[in-house]
Amino acid sequence: MSRFLARRVIEIALLLAIMSFVIYALIGLMPGDPIDLMISSDPHLTAADAARLKALYGLDQPLIERYWAWLKAALSGDFGYSRLYVQPALQVLLPRLGNTALLMGVSFTLTLAIAWPLGILAARRPGSAFDGAANLLSFAAISVPSFWLALMLILIFAVYLGWLPAGGIATIGDGGFIDRARHLILPVLTLTLVNFGPHLRYMRASMIETLNQDYVRTARAKGAGETRILLHHALRNALIPVITVVALSFGSLFSGALITETMFAYPGMGKLIYDSVLSNDFNLALAGLLFATLMTLLANLAADIAYAVADPRIVYR
Amino acid sequence: MPARAAESADELSIGVSQFPFTLNPLIDTMVAKTYVLALVRRPLTTYDPNWKLICLLCETLPSFENGLARKITLPGGKQGVRLTFTIQKNAAWGDGVPVTSEDAIFTWQVGRNPQSGVAEGELFRRILDIKAQSAKIFTVDVDRLTYDYADFSDFDILPAHIERAAFADPTQYRFRTRFDTDPTNPGLYDGPYRITEIAPGSHIVFERNPTWWGNPPFFRRIVVWSVENTAALEANLLAGGLDMVAGELGMPLDEALAFEKRHGGAFTVIYKPGLSYEHIDLNLDNPILSDRRVRQALLYGIDRQAISDEIYAGRDPVADSFVPPEDWMYAKDVPRYEYDTEKAKALLEAAGWHAQGKEIRRNAAGEPLSLELATTSGNRTRELVEDVLQSQWRQLGIDIHIKNQPARVLFGETITKREFTMAMFAWTSAPEDLPRDELYSTEIPTPGNNYSGQNHTGWKNQDADKLMDAIETELDRPKRQILWQQLQALYADQLPALPLYFRAEAYIMPKWLQGVVPTGHQYPSTLWVENWRAVGRDAQASAK
Amino acid sequence: MIKRALAERRVMLGGGLLLALAIVILIAPVIASALGIDPGLVDLRQRLESPSLLHPLGTDELGRDLLLRLLEGGRVSLAVGLTAALASAVLGTAVGLLAGYNGGRFDALLMRVTDGVISLPLLPLLVVLAAIDLNKLGLPASFVQSDAASLYRIIVLVALVGWTTVARLVRGATLSLVRRDFVRAAEALGARPLRIMLVHILPNLTTPVIVATSLAVGEIILLESVLSFLGVGIEPPLASWGNMLTGAEETIALAPLLAFYPGLLIFVTVICCNLLCDGLQRALDPRGRISPP
C-alpha cells in the first residue's frame, strides 16, 4: 500500500512538472512579451534590475533556461508579482484557493449525496417508473449547458423571486455566516445539478451489475434482508468502479467551478485564472493554473486511497 | 471582507466602479485616484461646482488687481509672471508637520524632473523658480503669462519630509513613492480625512484627520468600495451595504436610468451633464490610421446620434471636438460628421482601400483593413457601443477586433505606453481647459521620457501647437474665443481622435445624505466632503 | 444495420429532431435574403423589441432579429460541432486502435496519457491555449487576422479534448477483436500489423466509432458553447449560441428572453445528440459490449 502511494506521489510530481513546463511554454506564446511583463510587474524592482533580468531570462533566451529559472523561484515560494493587483501573486491566489475549495467541496458532497442514493434506488428496480424518472433526470443533467442553467437560476431566484443574491461572495458590510451561505446557494446548486448526472448513472450501472452477482443471490437465498444485502454486500463492491470514475471527475469539477465563479462573480481560483489570462497577468495565470492542476491531482490521489481502502482485494505492486 | 456590525449614523460607504492602484497624485491619471485623493488632500486651487476658480490650500487667489500677481521681464525679453501664494495658516500634514513652502519647492523639483514619470509635467516645466518668502508664503516665477495664470489646481503639493527619501534616485521615484509603499502614513495627507486601511482591489478606509484645518467633517469614517460589476453595485445599494454610488465613476448612465425607474423612490438620483469627453484615441503611428481620409471615414461611418438616443436615453450630446457645449468657448461652427456611409465609402476608396463585395476591404498589396479596438472591460455599456461600432464599420468593409482590458491595465499601461490601435475611453477636464498634455507635439509618452505626457495619439501638428501657444497667452477673452474656435475646427478636421459624446454622470445617493454637489468637471465632488452630512438618518434602518 | 438503427425509437426521436433543426438552419439564409432581411444589420432604433409579425422572437440589444440570429448561431455551432467531432473521431480511433492492438506497455502508456488528459482541469488550460498569439507559431499574419482563424482555432481546441471519449471506446472494442480468430489467422499468415489494423480490425470498429462519435458530438457542442461564452471561442460579430450569452448575467433583468433562447437551443441539440447515441447503442450493440465511459 505504501509502495503504491509512493508510486502515485511520484507520478503526480512528474505530471505536475510536465504540466508546469507545458504551461510555461504556452505563456511564452501569449501576445506581446510576456516575460518582460512578468519581470516588470514587480513595482519594487528597479528599472536597472528589470533590464538585467530581462537580458537574462527574456524571450530570446532558450526555453529550458527560462523555465529553470522560473522553477527555482517558484519552489522557493516566489511566483512573481501580479500585474493586476500589484501584490505578490501567491498572496492574491491563496484566499481564492480557499473560496474555490469551499465551493467545490460543498457541491461535490451534495452531488454524491444526491446521485448515489438515487442511483442505488434506481438499481433496485430497473425498468420501473422510478428508474425511468431517474434516467430522464440524469439525461437532462448531462445535456444542459452549465452557464445557461446558472442564468435560469439567477432569473428565477434572484430576479423574479428575489430570494437569493445574483452574485458575489458576501454583501458589503456583512459577511456573516448566513450572508455568505445565502451567496453560496445558487453557485453550489448550479454546480451540483450539472455534475450529478454521470455519478447517478455509474452508481446505477455498477449496482445493477453487482446485484446480479452470485454471492448476492446466495445471500438472498440464505434469507438476508434486502437492505442488508444492498448496503453491506453489494454497495462495497459497487463502490469500487464508481470511485475510479469519481477520481476522474475532479478536473471537470474545477472546469465547472470556473464557469460558475464567472457567472456569479464569485472570487475563486477559476475566475482568477480566467481574468488573469485575459488581462495578460502572466505571473498570476501561471501560478493559478499550477495550483489548479495540483488541487486536481491531489484529489485524484485521495480517490485512489479511498479505492484502496474500499477494496481489500486490491494488491498494488 | 471584514464582517461589520451595524453601520452607525456617522459612517458612509461609497461604491465606485474602479480601484485606484496607485495613489501618487502626480503619476498616472485615473478618475478613481482623483476621487479618492480629494478626500484626503487639498490642492492649492480648484474649480468649484459653479466652474469658478477658487483657493483651497492657498488663502487668496493671485490676481493683478490684488497685487499678488505681477508681470516680470525674463532674460531674453520675454514676459513672464510672478505669483505669490500664501498657504493656509493652519494647514498641516496628518502627522502634525505644517504644510510649508518647502513642500511646494520639493514638488516642483519632482515635477520638472524628466525621469520622475509625472503625467502632467508641462505645468512644472514652465515654472522657472519657486522661492520661499517665509514658511507659509512663496513666490512662483512662470515663464509665460497665460490666461489661466492663477490656476494651480494640478500643482499637487507633496509632503517633502516624507517623499524626499523616495526621490533620492529620481528614476526610481515612481517605484519608491510612499503613496504606494506606505499609503496609510498620515504624513501624506493634509485633508479632512486620512487613509487608515487599504485592501487592494477591494476597499479603502478613511477616518477623520486630526490635523485638518477646515470645517470639521460630519462623517467619522468613510469606506470607498470598488465594485466592478454594476449588478453588484445595485444589489449592495439595495441591501444597504453601500450608501451611495459616486457619479464620477459609478454606474453607466443607462443602468442608472433603469435603476431609477425600478427603485428611484428610495434614493436621490442626480444627473449632471458634464465635461466627460468620451472618444476613441487613434494611434497615429499605425499605418492605416495615419491616413486622415481613413480617420474621417471611420467617423462618417458611425451613427453617434442613434447611439446617444437609444443607449444613453438622449442625455449625452454628440461631440464634434473635445470642448463640451457647457464651456463658454464652445464653437458650433466646426467640421461636423453626420452619419453618411456613402461619404465614408468614397473616402476609403480614395485612401486605397478597395471594396471586395461583402468582404473586408483590401489595399493594393492585398492587406486587409483590420483594426483593434480596446476599452475598459466589464463596462457593459461601452461593450454594447463597441458592438454597434464594430457592426457599422463592418458594413463599410472594415474589420474590427475587440480586445478589452481591465481599467487598471488599460490606463496604467496600454494607453500610457501607446500599445493600442484604437482605445475608447473618457477624459474629464476642467472648465476652459487647454488640453496641452493631450495634444501638444512634445507631450508624447515614450520609453525615453519615462512615459510622461498624455499625447497618446502621437499627434504632431504645428498649427495646433501654435494655436495652443497663442490661446495660452491671450488674456483678452473675445480674441481668445476666436483662437479656441480655430483649434476646435483644426481638431475636428484632422481627427487625431474620434469624438463620440459628452457623458452625463449619475449620482445615486440616499435621501438622508445632503451636501453632495456634483461639479461636472474633473475636480470631484469629494473636494467638499466636509460639507456632506446625514440628516434624518435612522441608524437602525441602515443596519441590515 | 441501418434498419436496426431506424427501428429504435430513440434514434428516430433524437435523429429526427436534429435533422429538422439542421434543415431549418440551412434554409434560414435563403429565407432571409428572400425577405430582404440582413440578420447582421444593427438598427439601434429597434432595440429589444417584443415579438411581432416582422420579428417573431423580437430583437436583441443591437436591433437584430433574434430568430435569424439564433439560426445563424446554430449554423456555426453545428458546423463546428460536426467538424470537431470528425477530427476527434479520427484522432481517437487512431489512438484507441493502436493501444488496443499493441497491448501491453504501449497500451498502458496510452491509457495513462488519456486518463491524464481527462483528469486535468481542462477549461482553464483551454482558455490559455485560446489566448495564444498565432503569429508566434509562425502562421502568416493574413491568416491570423481572418475570421477563419478563430473557427479553426476552436475546432482544434475542442478536438484536443474530444478524442479521449472515442479512444477509450475504440480501445475496448479493439481489445476484444484482437482475440478473434480471423485476426489470429491473419497474423499467422504473416500479415503486417498495419495491414491487420486497417483492413481487418478497422471495418469492424464501425459500431463503436459511430456510438462514440455521436456521444462526442454532444460533449463538443457543450464545450464550444462554453468557450464561446467565455469569449475565447467564436468571436462576435460571428454568432454562435454560446457567444450570444456572453455577459448575459449582467443584463438578465433587462432582457431575460435573450438569455433564454440560445441556451435552450444548446440544451435541445445536446439532448438530441445524446438520445441518438443512446438509441444507436441499443440498436447496434444490444448486448452492451461497448460501454460509454
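This is a predicted model, so every value here is computed, not measured.

(A) The overall build of chain C, seen in detail. Helix and strand counts for chain C stand at 12 helices and zero strands. In chain C, the succession of helices and strands from N to C terminus is α-α-α-α-α-α-α-α-α-α-α-α. Each of the three principal axes of chain C carries a C-alpha extent, and together these read 75 × 50 × 35 Å. Sequence-distant contacts, at least 24 apart, represent 73% of the contacts inside chain C between residues at least 6 apart.

(B) Summary view of the interface of chain B and chain A. With 26 residues of chain B at the contact, the number on the chain A side is 22 residues. Within the residue set of the side of chain B that touches chain A, elements represented by two or more residues are α7 (230-239) and α13 (407-415) of chain B. Here the side of chain B that touches chain A takes five residues from α7 of chain B, the largest share from any one element. Of the residues in the side of chain B that touches chain A, the class split is 14 nonpolar, eight polar and four charged.

(C) The arrangement of helix α12 (residues 269-278) of chain A in detail. Residues and elements named next belong to chain A. Where burial is concerned, most of α12 is hidden: 10 out of the 10 residues are buried. Taken together, the buried positions of α12 are Met269, Gly270, Lys271, Leu272, Ile273, Tyr274, Asp275, Ser276, Val277 and Leu278. Immediately downstream of α12, the backbone of Asn280 shows phi near 60 degrees, a positive value.

(D) The arrangement of the interface of chain A and chain C in detail. Taken residue by residue, the interface counts 37 residues in chain A and 37 residues in chain C. Elements with a minimum of two residues in the side of chain A that touches chain C: α1 (2-28), α6 (129-143), α7 (146-160), α11 (250-263), α12 and α13 (282-310) of chain A. Here the side of chain A that touches chain C takes seven residues from α11 of chain A, the largest share from any one element. Tallied by class, residues from the side of chain A that touches chain C come to 30 nonpolar, seven polar and no charged.

(E) Summary view of the sheet that holds strand β7 (residues 137-142) of chain B. Residue and element names in this part refer to chain B. Read from one edge of the open sheet, four strands run β4-β5-β7-β6, paired in antiparallel fashion. In this open sheet, the two edge strands, each paired with only one partner strand, are β4 (69-73) and β6 (127-132). Averaged over all pairs of adjacent strands, the angle between their axes in this sheet comes to 20 degrees, without regard to strand direction. Sheet analysis places β6 next to β7, joined by five bridges and oriented antiparallel. Directly across from Asp129, in β7, lies its bridge partner Asp141. Lying over the sheet, helix α2 (residues 101-112) contacts β6 and β7, oriented at roughly 160 degrees with respect to β6.

What counts, and where the lines are drawn
Residues numbered from 1 in each chain as written. Chains lettered and ligands numbered in written order. Predicted model: local features only at pLDDT ≥ 70, side-chain atom pairs only at ≥ 80, totals over all residues. Helix = DSSP H or I, 4+ residues; strand = E, 2+ residues; numbered from the N terminus. Contact = placed C-beta atoms within 7 Å. Nonpolar A, V, L, I, M, F, W, Y, C, P; charged D, E, K, R; others polar. Buried ≥ 20, exposed ≤ 12 C-beta atoms within 10 Å, placed from the backbone. Pairing = 2+ DSSP bridges. Axes fitted to C-alpha atoms, helices over the stretch in contact; angles between N-to-C directions.

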